[in-house]
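Architecture at a glance
Take a look at the letters that make up each chain.
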Amino acid sequence: MRACDLISIFPDARLVGDKDFVIKGVGAASTAAPDSICFIEAEKYLEGFRKSASRAWIISPQIFDSLEQRIKNERIFFVTEKPYDSFVRLVNHLFPARKSKPGIHPMAFVDPSADVHATAEIHAHATVEGGAKIGAGVILYPGVWVGENATIGENSILYGGAKIYHGTMIGKRNILHAGCVIGSDGFGFIPDKTGLLKIPQIGKAILHDDVEIGANSTIDRGTIEDTVIGRGTKIDNLVQIGHNCKVGENCIMCAFVGVSGNTTIGNNVLLAGQVGTKGHMKIGDNTQVGAQSGVSKDVPPNSKVKGYPPQPLKEYLRLQALIQKLPEIYKRLVKLEEEKS
């Protein structure tokens, strides 16, 4: 593909250099071939940029303006305010998502009462139980189990070994990676004289449109009310979400996050890796919680917090800086005490 042909993919970019240069692929700066295209949007990556063999770059105006004229003459640039966004659009264009190949493999099990759209693709050893509904363009890879009366929305993809419990509702264009479990029982027990009495979990797990769930993540069904994951939310590998949780739209939960039951999370919330929450609390819209934080009380909207208990990010960083100085402060304190005595 010639450089000038790429403008149609990201028309907000300005092309500088040989418009007829042929680009044959994409790559990372350290390993890219001369005819691959890379991107750079931060100054800390300039060293890798200078050493790279790649001749074609998607670059921010600020980085481009800082370059020597010699380099500008040697390479081809697509100058745009959002280089990474443009690079992602290019990759999606060059490597489009696989479309379903309609059909049910003879080694799949589909209950006669299930409603499977004619354009769905059901692989060997997938199971669709009675009353389940599989929408148009859905792909169920080997080992997927869809329980009774569950619903899978159109163009969703369930990778090998994903388990969808009875009554679970999956929206359109969801991506569920290998080994994830949606709609399993919430963890609820009452101590009595005979031991631990199991609390029935009769709610549903509901995932709205454009949700992605990482490998081996689990989302429990509700006890009575439903567990709900909002539109556009992305959940990483090895994340646990407890019963009755309400997660808003366009949230991000990184690996090893654990959300206790009855937690309410607003829209556009970021939970970094290994964040844990106490149950029966709320995290407000547009909040960011730093890695390994333990959230034990409500967090207001538009917050940036970190730590256990969570503190405003600026305060947390200031305290961490002081902690690094404690050994020296302690030595000075001991010396002062000795001088007094």
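To start, this report covers the structure provided alongside it. (Residues numbered from 1 in each chain as written. Predicted model: local features only at pLDDT ≥ 70, side-chain atom pairs only at ≥ 80, totals over all residues. Heavy atoms only, no water.)

1. Looking at the overall build of the chain
When helices and strands are counted, the chain shows five helices and 38 strands. The C-alpha atoms of the chain give a radius of gyration of 26 Å, which is well past the 20 Å a tight globule of 341 residues would have. Its C-alpha atoms give the chain principal-axis dimensions of about 80 × 75 × 30 Å. Buried positions account for 41% of the 341 residues belonging to the chain. Pairs at least 24 residues apart make up 18% of the contacts formed inside the chain by residues separated by at least 6 positions. (Helix = DSSP H or I, 4+ residues; strand = E, 2+ residues; numbered from the N terminus. Rg over C-alpha atoms; globule rule 2.2 N^0.38 Å. Buried < 20%, exposed > 50% of the residue type's maximum accessible area, 1.4 Å probe, protein only. Contact = heavy atoms within 4.5 Å.)

2. Regarding the nonpolar core
Counting residues in hydrophobic clusters, the biggest one holds 46 residues, and the most contacted among them are Leu 140, Ile 182, Met 253 and Leu 271. Among residues more than four places away in sequence, those in contact with Ile 182 are Lys 163, Ile 164, Tyr 165, Thr 168, Ile 170, Leu 176, Ala 205, Leu 207, Ile 213 and Ile 219. (Core = buried A, V, L, I, M, F, W, Y, C linked by side-chain atoms within 4.5 Å.)

3. Quick word on helix H4 (residues 83–94)
Taking 1.5 Å of rise per residue, the twelve residues of H4 would be expected to cover 16 Å, and the 16 Å separating its terminal C-alpha atoms lies within 8% of that figure. Summarising the contacts, the buried residues of H4 are in contact with strand S2 (25–26), strand S3 (36–40) and strand S4 (56–59). (Expected span 1.5 Å × (residues − 1).)

4. Description of the side chain of Lys 72
Turning to its location among the elements, Lys 72 is positioned in helix H3 (residues 69–74). Buried charge without a salt bridge: Lys 72, with Asp 65 as the nearest opposite-charge side chain at an N-O distance of 4.8 Å. For Lys 72, the residues in contact, after removing those within four places along its chain, are Phe 64, Asp 65, Leu 67 and Phe 77. (Lys, Arg positive; Asp, Glu negative; His and termini not counted. Salt bridge = Lys/Arg side-chain N within 4 Å of Asp/Glu carboxyl O.)

5. Considering the pairing of S3
Burial runs high along S3: four of the five residues are buried. Sheet topology note: the S2/S3 ladder contains two bridges and is parallel. Bridge assignment links Val 26 to a residue of S3, and that residue is Ile 37. With four bridges joining them, S3 and S4 adopt parallel strand pairing. The residue bridging Cys 38 from the neighbouring strand is Trp 57, located in S4. On the question of chirality, the crossover connecting S3 to the parallel S4 by way of helix H1 (residues 46–51) is right-handed. (Pairing = 2+ DSSP bridges. Right-handed = clockwise from strand over helix to strand, strands pointing away.)

6. Structural notes on unusual backbone geometry
Cis geometry marks the peptide bond from Tyr 308 to Pro 309, where omega comes out at -5°. Relative to the helices and strands, Pro 309 resides in the loop between strand S37 (304–306) and strand S38 (311–312). Of note, Gln 274 is a non-glycine position whose phi angle comes to about 65°, a positive value. Along the chain, the position of Gln 274 falls in the loop between strand S32 (270–271) and strand S33 (276–277). In this structure Gln 274 comes out as partly exposed when scored by relative accessible area, which is 40%. The phi angle at Gln 292 is positive, at roughly 65°, despite the residue not being glycine. By secondary structure assignment, the location of Gln 292 is in the loop between strand S35 (288–289) and strand S36 (294–295). By relative accessible area, which is 59% here, Gln 292 ends up exposed.

7. Considering the sheet that holds strand S26 (residues 234–235)
In any sheet, the strands associate via hydrogen bonds between backbone groups, in a parallel or an antiparallel arrangement. Strand order in the open sheet formed by twelve strands is S6-S9-S12-S15-S18-S23-S26-S29-S32-S35-S37-S38, with mixed pairing between adjacent strands. Across the chains shown, the open sheet's two edge strands, defined by having one partner strand only, are strand S6 (103–104) and S38. Where strand S23 (residues 212–213) lies against S26, two bridges are found, and the strand directions are parallel. In the sheet register, Glu 212 faces S26, and the bridge partner there is Lys 234.

8. What to know about the pairing of strand S20 (residues 189–192)
Here S20 runs beside strand S21 (residues 195–198); their pairing, made up of four bridges, is antiparallel. Pairing of Asp 192 across the sheet is with Gly 195, part of S21. In this antiparallel pair of consecutive strands, S20 and S21, the connection spans two residues.

9. Section: the packing of aromatic side chains
Across all of its chains, the model carries nine aromatic pairs by this definition. Look at Phe 39 and Phe 87: their rings are 4.9 Å apart centre to centre, the planes differ by 40°, and that puts the pair in the tilted class. A residue pair is termed long-range when its members are at least 10 positions apart, and Phe 39 in strand S3 and Phe 87 in helix H4 qualify at 48 residues. Residue Phe 87 is classed as buried on the basis of its relative accessible area, which comes to 11%. Ring geometry for Phe 64 and Phe 77: centres 5.3 Å apart, planes at 70°, overall edge-to-face. Placement of the pair is Phe 64 in helix H2 (residues 61–66) and Phe 77 in strand S5 (residues 76–79), with a sequence separation of 13 residues. Summarising the burial analysis for this pair, Phe 64 and Phe 77 share the class buried. (Phe/Tyr/Trp six-rings, centres within 6.5 Å; stacked < 30°, edge-to-face > 60°.)

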